[in-house]
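# Coordinates in review
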Amino acid sequence: MSSTDQPQNQTQTPEFTLENIKQAINLLYSNQNPEQISIVNKFLQTAQRSKIAWDIAFVLIEDNESIMTQHYGASTLTEKIRYHFNEIPQEMLNELRDKILEKIVQTGENGKCKIITTKLCVALASLASQMIAKDIWTNVVQYVVENLLKSCIPLKKKNFKVLKKSKISKSN
């Protein structure tokens, strides 16, 4: 990210593109200059509040991105849901919920990105609380459990066999 991509004053709006944001994330974690870190951090915080953040959050969480980039993407998603929930069209809420659940499963499967999975769980919890408050999603726990079990079918069958055996032996 060049210095021309940085906001120079309050009236100038920075350009938020996927590439600029990725470059800023890399710069944030590789730079030792506190003044430049502060500028980059402000740029990234402003990007999280922009409308384009909805479009890029999931792109940043892809497996081929660095952990830092994925973390920023998951944090952006959480930020947008918490503070900009009203920007989401109501007809898109279920799609957003399902997309977050899908990403939780994907990041959970590889096991090396627990921080990303945790951030996505926080995003899902934030979404659930917003949707519950508006009576849009009433069966949160059931829905989440069912969808997580669907993604782990071989594990599910194995666990149920173990559970049935342990219940039988305890009842005798």
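Provided above is the structure to which this section pertains.
Residues numbered from 1 in each chain as written. Predicted model: local features only at pLDDT ≥ 70, side-chain atom pairs only at ≥ 80, totals over all residues. Heavy atoms only, no water.

### Notes on the overall build of the chain
For clarity, the threshold we go by: Runs of E in the DSSP output that reach at least two residues are strands. Runs of H or I that reach at least four are helices, and both are numbered from the N terminus. Throughout this description, buried means an accessible area under 20% of the type-specific maximum (1.4 Å probe, protein chains only), exposed means over 50%, and partly exposed covers the range between. Here a residue-residue contact requires only that any non-hydrogen atoms of the pair lie within 4.5 Å. To measure how exposed things are, a 1.4 Å probe is used in the Shrake-Rupley method; for residues, cover is taken only from the protein chains shown.
On a plain count of helices and strands, the chain comes out with 8 helices and 0 strands. Secondary structure elements of the chain, listed N to C terminal, follow the sequence α-α-α-α-α-α-α-α. Across the 172 residues in the chain, those meeting the buried criterion constitute 37%. Considering only contacts within the chain whose residues lie at least 6 apart along the sequence, 62% involve residues at least 24 apart. A total of about 10700 Å² of accessible surface is found on the chain, and carbon and sulfur atoms cover 54% of it.

### Topic: the packing of helix α5 (residues 93-110) against helix α7 (residues 140-150)
Between two packed helices, what matters for the description is the angle formed by their axes and the separation of those axes. Spelled out, the test is: For helices, the fitted line uses only the C-alpha atoms of the stretch in contact; every axis is such a line through C-alpha atoms, and the angle between N-to-C directions lies from 0 to 180 degrees. Our angle categories are set so that under 35 degrees counts as roughly parallel, over 145 as roughly antiparallel, 65 to 115 as roughly perpendicular, and the remainder as oblique. Crossings are assigned a handedness: left-handed for a near helix turned anticlockwise from the far helix by less than a right angle, right-handed for a clockwise turn. Gly falls in the polar group here, along with every residue not listed as nonpolar (Ala, Val, Leu, Ile, Met, Phe, Trp, Tyr, Cys, Pro) or charged (Asp, Glu, Lys, Arg).
The N-to-C vectors of α5 and α7 enclose an angle of 45°; their axes lie 11 Å apart at closest approach. When the axis of α5 is compared with that of α7, the two are oblique. The element α5 and its partner α7 pack so that their crossing is right-handed. Only Y143, V144, N147 and L148 of α7 make contact with α5, whose side of the interface consists of R97, D98, L101 and V105. Counted by class, the contact of α5 with α7 contains 5 nonpolar, 1 polar and 2 charged residues.

### Description of the nonpolar core
Under the convention used in this document: What makes a nonpolar core is a set of buried Ala, Val, Leu, Ile, Met, Phe, Trp, Tyr and Cys residues whose side-chain atoms join them at distances within 4.5 Å.
Counting 26 residues, the largest nonpolar core has L77, I81, L96, I100, L127 and W137 as the members making the most contacts within it. Counting residues per element, this core draws most heavily on helix α6 (residues 114-133), which supplies 7 residues. When near neighbours in sequence (up to four residues on either side) are disregarded, I81 contacts W54, L96, I100, A123, S126, L127 and Q130. Residues F16, I21, I25 and L60 belong to the second largest nonpolar core, which totals 12 residues.

### Looking at a nonpolar patch on the surface
Short version of the rule: Distance thresholds for patches are 9 Å for like charges and 5 Å for nonpolar side chains (Val, Leu, Ile, Met, Phe, Trp, Tyr), applied to residues having over 30% relative accessible area and no salt bridge. Salt bridges are defined as contacts in which a side-chain nitrogen from Lys or Arg sits within 4 Å of a carboxyl oxygen from Asp or Glu.
Judged by side-chain polarity, V141, V145 and L149 come together as a nonpolar surface patch covering roughly 250 Å² of accessible area. Residue placement: V145 occurs in helix α7.

### Focus on the packing of aromatic side chains
For clarity, the threshold we go by: Two rings from Phe, Tyr or Trp (for Trp, the six-membered ring) form a pair when their centres sit within 6.5 Å of each other. Planes less than 30 degrees apart are called stacked, planes more than 60 degrees apart edge-to-face, and all others tilted. Here, a charge over a ring is recorded when the distance from Lys NZ or Arg CZ to the ring centre is within 6 Å and its angle to the ring normal is within 35 degrees.
A complete count under the given rule lists 2 aromatic pairs for this structure. Against the face of W137 rests R97, its NZ or CZ located 5.1 Å from the ring centre. The aromatic ring of Y143 is capped on one face by R97, whose charged end is 3.9 Å from the ring centroid.

### As for unusual backbone geometry
Here the phi dihedral of D135 falls at roughly 55°; this positive angle occurs in a residue that is not glycine. Here D135 is to be found in the loop between α6 and α7.

### Here's the deal with the pattern of salt bridges
Within the structure shown, the criterion is met by 4 salt bridges. Ionic pairing is found between K103 and E62, a salt bridge with its closest N-O pair at 2.9 Å. Taken together, the residues span a long stretch of sequence, with K103 in helix α5 and E62 in the loop between α3 (52-60) and α4 (67-83) at a distance of 41 residues. By relative accessible area, K103 is classed as buried at 7%. Overall, E62 belongs to the partly exposed group, its relative accessible area being 34%. The salt bridge involving K80 is made with E87; its shortest N-O contact spans 2.9 Å. Since its relative accessible area comes to 1%, K80 is described here as buried.

From the geometry alone we can't say anything about function, so treat these as descriptive.
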